[in-house]
2 protein chains.
Amino acid sequence: MAGNTSVPGATVVARTIALLAAFDEEHPRLTLTELSQRADLPLTTTHRLVNELTKAGALTRTSSGYVVGQRLWQLGTLAPVQTDLRRLASPFLHDFYAGTLATVHLGVRDKLKVLYLDRVSGQRSVPVVSDIGSHLPLHATGVGKVLLAHAPEAVRREAMKSLDRITPYTITQPAQLKAQLDRVLTDGYATTYEEMSIGGCSVAVPIWQDETVVAALGVVVPSLKRDKVRLVSGLRVAAHGIGRSLSSRRSGTR
Amino acid sequence: MAGNTSVPGATVVARTIALLAAFDEEHPRLTLTELSQRADLPLTTTHRLVNELTKAGALTRTSSGYVVGQRLWQLGTLAPVQTDLRRLASPFLHDFYAGTLATVHLGVRDKLKVLYLDRVSGQRSVPVVSDIGSHLPLHATGVGKVLLAHAPEAVRREAMKSLDRITPYTITQPAQLKAQLDRVLTDGYATTYEEMSIGGCSVAVPIWQDETVVAALGVVVPSLKRDKVRLVSGLRVAAHGIGRSLSSRRSGTR
DNA sequence: GGTAGGCTTCCGCTGAGTGGAAGGAAGCCG
DNA sequence: CGGCTTCCTTCCACTCAGCGGAAGCCTACC
C-alpha cells in the first residue's frame, strides 16, 4: 500500500493485529506512544490505525491512554469458548462452588498455556492468581496438567522444554512431570501441591465431548489431605454434566 | 492500496472491521461467502483478509464456517467493561441472586441500546431474552429505562424516535415514556410491566461512580405487586456497593 | 457425469498506506 | 516565564501492498 514501508511485506491486517496484541493483562491501558513501541510501528502509522480503530469502537480513548473498546468485548462474547463452553458450564461451576466454597476454574489449552475461561470464588476462598482470560503455565496448575496429559504427544514434548520454577514445589523435572501426566490418564484427575502458589493445592478433571477432552475443571483449596476424594467425585459429576450439555447442543462445531 | 478498488476511500482497517461486524448473536458462525456478502466485500478480498485474521487467531475456521477466535475473546476480557465493571459487580450480583432467586442483570448503555454485561439466573427464574453481550432496546427494559433517564438530552431525544412495540404493553408514546423517565430520576428506580416479554416485570436502579451513572442493575420477576419495595432496597444496596468498589479502584479511567 | 456452490490461486493495475519532518499542546522545572 | 520534555497531530510525495475479475479446483448432490 505504501511505498516507503520500513518493513516491506507487512500487511495492514498484520499491523493492526500487532497493535491489538500490544494489550495484555499487564498492559490493559496504553498510550499512543506505548502502542507504537510495543507493536514496533512508527508513531505516525500507529496514530492512523489507532484512530480508525477508535472510530470503529474497537478501542476507546481515555485520558490516560487507549483501552479495548466495548465493540471488541462484545465480539468476544460470540466466540465459541464463551457461547458454548462457558455459558453451559457456568451453572455447574456455581453449583459446585455453592457446595464447597472453594475457588472453581474452567480452562482450555491455548498452545502451551492454560487459558482460564471462568472462575467462581468468594471471600473465604484461597487467593489465586488466575483471572478470567488469563494465561498460566500448563505444568504448575491442576487444570493445566489435565489438559497437557490429554494433549497430542508433540505438545507434551514441547511443553516439557520449559518447566519454569514458580514456587519451590513446582515440578521442573520432565521425567517427574511425565510420570504424573501418565497417572492423570489412568486416574482421571490431576493434583498440584503448592506448585503454583504457596498455600494453594488443586485438583482438576477433564471435560469430555465425544471422545475428546475439550476443557478442564478444577478447584483450588488450602489442603487436599481430607477432601480429595470428595472433591474429585464432585468435579466428575460437574464435568460430566458439562460434557453432556456440550454434546447435546450444536454438534457440527469442528 | 489497490488500484482497482470497487469502493475507493475504504481503508483496510474499515474492511476488516466490517468483516468482524458481520458476526452477531444471530450469526456467530459464517462461511466465507456469507462473510463476503454481509461485509459487502468481493469474495477474493474477503478470502485474503479472513485468511490473515485466521492465521493471527482472531478467527477460527471450523468445518461449518468461521467463528470468532480465542484471541479476540481474550482481548475482550481486557476491556474495562469486563475488568472493572463486571469483575467488581459479579459478587454483588451473586449475593443478590442468592437472596432473591430472581434473574439479575448488569447493563450499560451502548448508543441507543442496552448492552448486557452480566446475568445471573437459575432454573426457576423467569425466562428472559437477554444474554451476556446482547443488545436490547432501552425503552422496554428496566435497566434500559434507568440508563436512558440518566443519558444526555440528545440521546433521550434520539431514542424517543423509535419506540418499537415488542409486546402489547410496550410503551410507544414518547410523552408517556418521558414522564416515566422523569419519575426514574426522582424515584431512583425504573420498572417495566410485561413491556419486553409477557409474564416478566422488572425493576432497575442506577450504579453511580463519582456523580455519573455508569451502569444499571436490574431484576426480572413474574410480578412486582408484592416485592417491589424489598427488591428496590436490595438493588440499591448492591448498586451502592458496586459503585464504591468502582471508585476505590483505579480512578484515572476516563 | 453433470452441474451447482463454495473455496483458492493467479496476476496486472494503481491509489491507499506509509513514515519522516514539522507543528501543536500540555505539563514540569528552575 | 521561558525553555525543555513528552506526547499527540497534521502534512505530503513516493510507491508497493492490496484489489478484484477471471479461471481453476474440490466436494457434494442429483
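Quick caveat, the model's predicted, so the values are computed rather than measured.

Engineer: Honestly, the domain arrangement of chain A in this entry has me stumped. Any pointers?
Structural biologist: One widely used convention gives an interface's size as the accessible area the parts lose upon coming together. Along its sequence, chain A is organised into domain 1 (12-75) and domain 2 (80-248). For domain 1 of chain A and domain 2 of chain A, the distance between their C-alpha centres works out to 32 Å.

Engineer: Please explain helix α7 (residues 153-160) of chain A as it appears in this structure.
Structural biologist: Two residues of an α-helix separated by three or four positions point the same way, owing to the 3.6 residues in each turn. All names here are of chain A. All buried positions along α7 are accounted for by Val155, Arg156, Ala159 and Met160. Relative to the axis of α7, the buried residues are bounded by an arc of 135 degrees and lie together on one face. As for α7, its buried residues are in contact with β4 (103-110), α6 (142-149) and α8 (174-187).

Engineer: Is there a simple way to think about the interface of chain A and chain B in this case?
Structural biologist: Of the residues lining the interface, 55 residues belong to chain A; the matching set on chain B comes to 55 residues. For the pair chain A and chain B, the summed buried area comes to about 4500 Å², and 63% of that belongs to carbon and sulfur atoms. Considering only the side of chain A, the residues that lose the most area to chain B are A:Gln70, A:Trp73 and A:Leu78, jointly responsible for 17% of the buried surface there. Where chain A packs against chain B, one counts two salt bridges. A:Asp131 serves as the salt-bridge partner of B:Arg87, at 3.6 Å between the closest nitrogen and oxygen. Counting every contact that joins chain A to chain B gives nine residue pairs in polar contact (both at pLDDT 80 or more). When residues of the side of chain A that touches chain B are traced back to their parent elements, those giving at least two are α1 (12-21), α3 (43-55), β3 (65-68), α4 (70-76), α5 (80-100), β4 and β5 (113-120) of chain A. Looking at side-chain class alone, the side of chain A that touches chain B contains 27 nonpolar, 16 polar and 12 charged residues.

Engineer: Any chance you could explain the relation of the copies chain A and chain B here in plain terms?
Structural biologist: The two chain copies are related to each other by a rotation about an axis together with a translation along it. Of the two same-sequence chains, chain A is brought onto chain B (RMSD 0.1 Å, axial shift 0.0 Å) by a rotation of 180 degrees. The symmetry that links the two subunits is that of a two-fold axis. A shared binding surface is used by both copies, with 100% of the interface residues of chain A retained as interface residues in chain B.

Engineer: What is the right way to read the pairing of strand β5 (residues 113-120) of chain B from this model?
Structural biologist: A regular strand places its side chains on the two faces of the sheet in alternate fashion. All names here are of chain B. Most of β5 is tucked away: six of the eight residues are buried. Across seven bridges, the pairing between strand β4 (residues 103-110) and β5 is antiparallel. Within β5, the residue paired with Asp110 across the bridge is Lys113. The antiparallel pairing of β4 with β5 creates a hairpin that spans two residues between the two strands, and Lys111 there sits at a positive phi of about 55 degrees. Of the pairings in the sheet, the one linking β5 to strand β6 (residues 135-137) comprises three bridges and is antiparallel in character. When the sheet's bridge partners are listed, Lys113 is paired in β6 with Pro137.

Engineer: Would you mind going over the sheet that holds strand β9 (residues 212-221) of chain A with me for this structure?
Structural biologist: Adjacent strands of a sheet form backbone hydrogen bonds with each other and so pair up, either parallel or antiparallel. All names here are of chain A. Overall, antiparallel pairing links the six strands, which are arranged β6-β5-β4-β9-β8-β7 in an open sheet. Each edge of the open sheet carries a strand with a single partner, namely β6 (135-137) and β7 (190-193). Across this sheet, the average inter-strand angle for adjacent strands is 35 degrees, counted without regard to direction. Summarising the sheet, β7 and strand β8 (residues 201-209) pair through four bridges and their orientation is antiparallel. What sits directly across from Thr191, in β8, is Val203.

Engineer: Explain the sheet that holds β5(B) to me, please; I cannot follow it from the model alone.
Structural biologist: Residue and element names in this part refer to chain B. Spatially, six strands are ordered β6-β5-β4-β9-β8-β7 in an open sheet, and the strand pairing comes out antiparallel. Edge positions in the sheet fall to β6 and β7 (190-193), since each has one partner strand and no second. Averaged over all pairs of adjacent strands, the angle between strand axes in this sheet comes to 35 degrees, irrespective of strand direction. Across the face of the sheet, helix α5 (residues 80-100) comes into contact with β4, β5 and β9 (212-221) while running at roughly 55 degrees to β5.

Engineer: I would appreciate a short explanation of the side chain of B:Lys145 in the present structure.
Structural biologist: Residue and element names in this part refer to chain B. Along the chain, the position of Lys145 falls in helix α6 (residues 142-149). Using a relative accessible area of 0% as the deciding quantity, one classes Lys145 as buried. In contact with Lys145, not counting residues within four places along its chain, are Leu138, His139, Ile171, Leu177, Gln180, Leu181, Ala190, Thr191, Thr192 and Glu195.

Rules of the game
Residues numbered from 1 in each chain as written. Chains lettered and ligands numbered in written order. Predicted model: local features only at pLDDT ≥ 70, side-chain atom pairs only at ≥ 80, totals over all residues. Heavy atoms only, no water. Domains from an automatic or database assignment. Buried < 20%, exposed > 50% of the residue type's maximum accessible area, 1.4 Å probe, protein only. Helix = DSSP H or I, 4+ residues; strand = E, 2+ residues; numbered from the N terminus. Arc of directions from axis to C-beta. Contact = heavy atoms within 4.5 Å. Buried area = accessible area lost by both parts, 1.4 Å probe. Salt bridge = Lys/Arg side-chain N within 4 Å of Asp/Glu carboxyl O. Polar contact = N/O pair within 3.5 Å; in protein donor to acceptor, adjacent residues only side chain to side chain. Nonpolar A, V, L, I, M, F, W, Y, C, P; charged D, E, K, R; others polar. Least-squares fit on C-alpha atoms with pLDDT ≥ 70 in both. Pairing = 2+ DSSP bridges. Axes fitted to C-alpha atoms, helices over the stretch in contact; angles between N-to-C directions.

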